[in-house]
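The chain contents come next:
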Amino acid sequence: MLAPVSEVTSSRVETLMPPAETHVSAPVLLLAGSGNHPLANAIGAELGVRIGSCTLERFPDGESFVALNEGVRGHEVILLQPTSPPVNDNLMQLLALADACRHAAAERIVAVIPYFGYARSDRRDGRRTPVMASLAATLVQTAGIDQVVTLDVHTPTIEGFFRVPVDNVTAVPLLAEALRSRISADTIIVAPDVGALRLANRYARHLGLPVAVCHKQRMTATEVNVARITGDVAGRPCLVVDDMITTGGTVIESIRALIEAGAPKEIRVAATHAVLVPGALERIADAGIEEILVTDSIPVVPRRLGRAQLDVVSVAPLLATAIRRLLDGGSLRELA
Ligand code: R5P
């Protein structure tokens, strides 16, 4: 007996763009896994279409089961699924949906993966470990996905793990605009580690602000240490920016180091992906943050936690634009 996980309703989107206006002559179908129904519905609303109907279930032993409830033969299929927690279930469901579409003779399968799980495992670091990001990319392609769209993926290296086109779009302009009226002119953007510097520079360009960098060392999956900061943060309100918040360890340790270096307790955090394992948000709020701004790449509910306000900016318009351009045969360069 199968235990239902979820089901969404659907529609084809031939009406979205008449063939004459697109490079795509095949009909288009938007399908969503169970990773982020609110975002899928918001993207569907932006595009003016329903989400295709599919059955998403799990066997009692944990195996995934999916079934397409409408035909995809000759269709352009857009598959929406973040591989966020439960990472393995969501990844497997994405692969299963792609395989179902491939076997049902879809013309082209585009995966829109708003959060790409395992992205941080992009090298071996001299140890006998797998490169999970590369493995995930191989699985996605093997399942028959022809093209991939990601959002603020952890590292551009990932593009190289694919032999199919990958377009990475960014939520930085959306988040930066949402922050513009909330931050003061003397704010400094803080990269919580050297890896986040590229992202921090993008925020800095959008907001016309300087950048400081924390030099982070990771001891374990949950323990990090910031030994020094490059940049003058003393007396300046800080905006800590990162691609994701998982346990909150990176953000919390950065805040500790910033306050120790003389920054006032007027600290904001912006991150694209609210992975937020249980307890993370409470720990971050306890660290004395004023505001946390994230996107809905992973389902998250805005709320207040003590002094901290968690706000959410939707990436639905951005991803809808990316999908529209893709179907039009246009460039996604401006969104990257
Ligand atoms: C690391 O390189 C990432 O960009 C994030 O800084 C990190 O993954 C956040 O994880 P956590 O919240 O567990 O410190």
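Basis of the calculations
- Residues numbered from 1 in each chain as written.
- Predicted model: local features only at pLDDT ≥ 70, side-chain atom pairs only at ≥ 80, totals over all residues.
- Heavy atoms only, no water.
- Helix = DSSP H or I, 4+ residues; strand = E, 2+ residues; numbered from the N terminus.
- Rg over C-alpha atoms; globule rule 2.2 N^0.38 Å.
- Buried < 20%, exposed > 50% of the residue type's maximum accessible area, 1.4 Å probe, protein only.
- Contact = heavy atoms within 4.5 Å.
- Areas by Shrake-Rupley, 256 points an atom, 1.4 Å probe, with all protein chains shown as cover.
- Polar contact = N/O pair within 3.5 Å; in protein donor to acceptor, adjacent residues only side chain to side chain.
- Near = heavy atom within 4 Å.
- Nonpolar A, V, L, I, M, F, W, Y, C, P; charged D, E, K, R; others polar.
- Core = buried A, V, L, I, M, F, W, Y, C linked by side-chain atoms within 4.5 Å.
- Domains from an automatic or database assignment.
- Buried area = accessible area lost by both parts, 1.4 Å probe.
- Salt bridge = Lys/Arg side-chain N within 4 Å of Asp/Glu carboxyl O.

**A short note on the overall build of the protein**
Across its full length, the protein carries eight helices and 16 strands. For 336 residues, the compact-globule formula gives about 20 Å, and the C-alpha radius of gyration of the protein, at 21 Å, lands near that figure. Projected onto its principal axes, the C-alpha coordinates of the protein cover approximately 60 × 45 × 40 Å. Out of the 336 residues in the protein, the part that is buried amounts to 53%. Pairs at least 24 residues apart make up 65% of the contacts formed inside the protein by residues separated by at least 6 positions. Roughly 14,600 Å² of accessible area belongs to the protein as shown, and the carbon and sulfur atoms make up 52% of that amount.

**Notes on the side chain of Asp311**
Within the element layout of this structure, Asp311 appears in strand 16 (residues 308-313). Polar side-chain contacts of Asp311 include one of 3.2 Å to the side chain of Gln309. The residues contacting Asp311, other than those within four sequence positions of it, are Arg182, Glu291, Ile292, Leu293, Val294 and Pro302.

**Looking at the site of the ligand**
Looking at the ligand, there are 14 residues lining it, with Arg120, Asp242, Asp243, Thr247 and Thr250 nearest. Here an oxygen atom of the ligand and a side-chain polar atom of Arg120 are 2.6 Å apart. A distance of 2.5 Å separates an oxygen atom of the ligand from a polar atom in the side chain of Thr250. Its free accessible area being 380 Å², the ligand has 91% of it covered by the protein chains. Within the residue set of the shell around the ligand, elements represented by two or more residues are strand 10 (211-218), strand 12 (238-245) and helix 6 (249-260). It is strand 12 that provides the largest number of residues to the shell around the ligand, a total of four residues. Considered class by class, the residues forming the shell around the ligand number two nonpolar, six polar and six charged.

**A look at the nonpolar core**
Ranked by size, the top nonpolar core spans 49 residues in total, and within it Ile43, Ile189 and Tyr203 carry the most contacts. When residues of this core are assigned to their parent elements, the largest contribution, eight residues, is made by helix 8 (residues 316-328). Each of domain 1 (4-170 + 317-335) and domain 2 (172-314) gives at least three residues to this core. Beyond its immediate sequence surroundings of up to four residues, Ile43 is in contact with Leu80, Ala316, Leu319, Ala320 and Ile323. Leu56, Leu91, Ala106 and Ala136 belong to the second largest nonpolar core, which has 33 residues in total.

**Concerning the domain arrangement of the protein**
Assigned domains of the protein: these are domain 1 (4-170 + 317-335) and domain 2 (172-314). Computed from C-alpha atoms alone, the centre-to-centre distance between domain 1 and domain 2 is 29 Å. Opposite the 16 residues of domain 1 that make contact, domain 2 presents 18 residues. Surface buried jointly by domain 1 and domain 2 totals about 1,400 Å² across both partners, of which 61% is contributed by carbon and sulfur atoms. Three residues, Tyr115, Asp152 and Thr170, lead the burial of domain 1 against domain 2; their summed loss comes to 37% of the area buried on that side. Taken together, domain 1 and domain 2 are joined by zero salt bridges. The tally of links between domain 1 and domain 2 comes to eight residue pairs in polar contact (both at pLDDT 80 or more). Counted by class, the side of domain 1 that touches domain 2 contains nine nonpolar, five polar and two charged residues.

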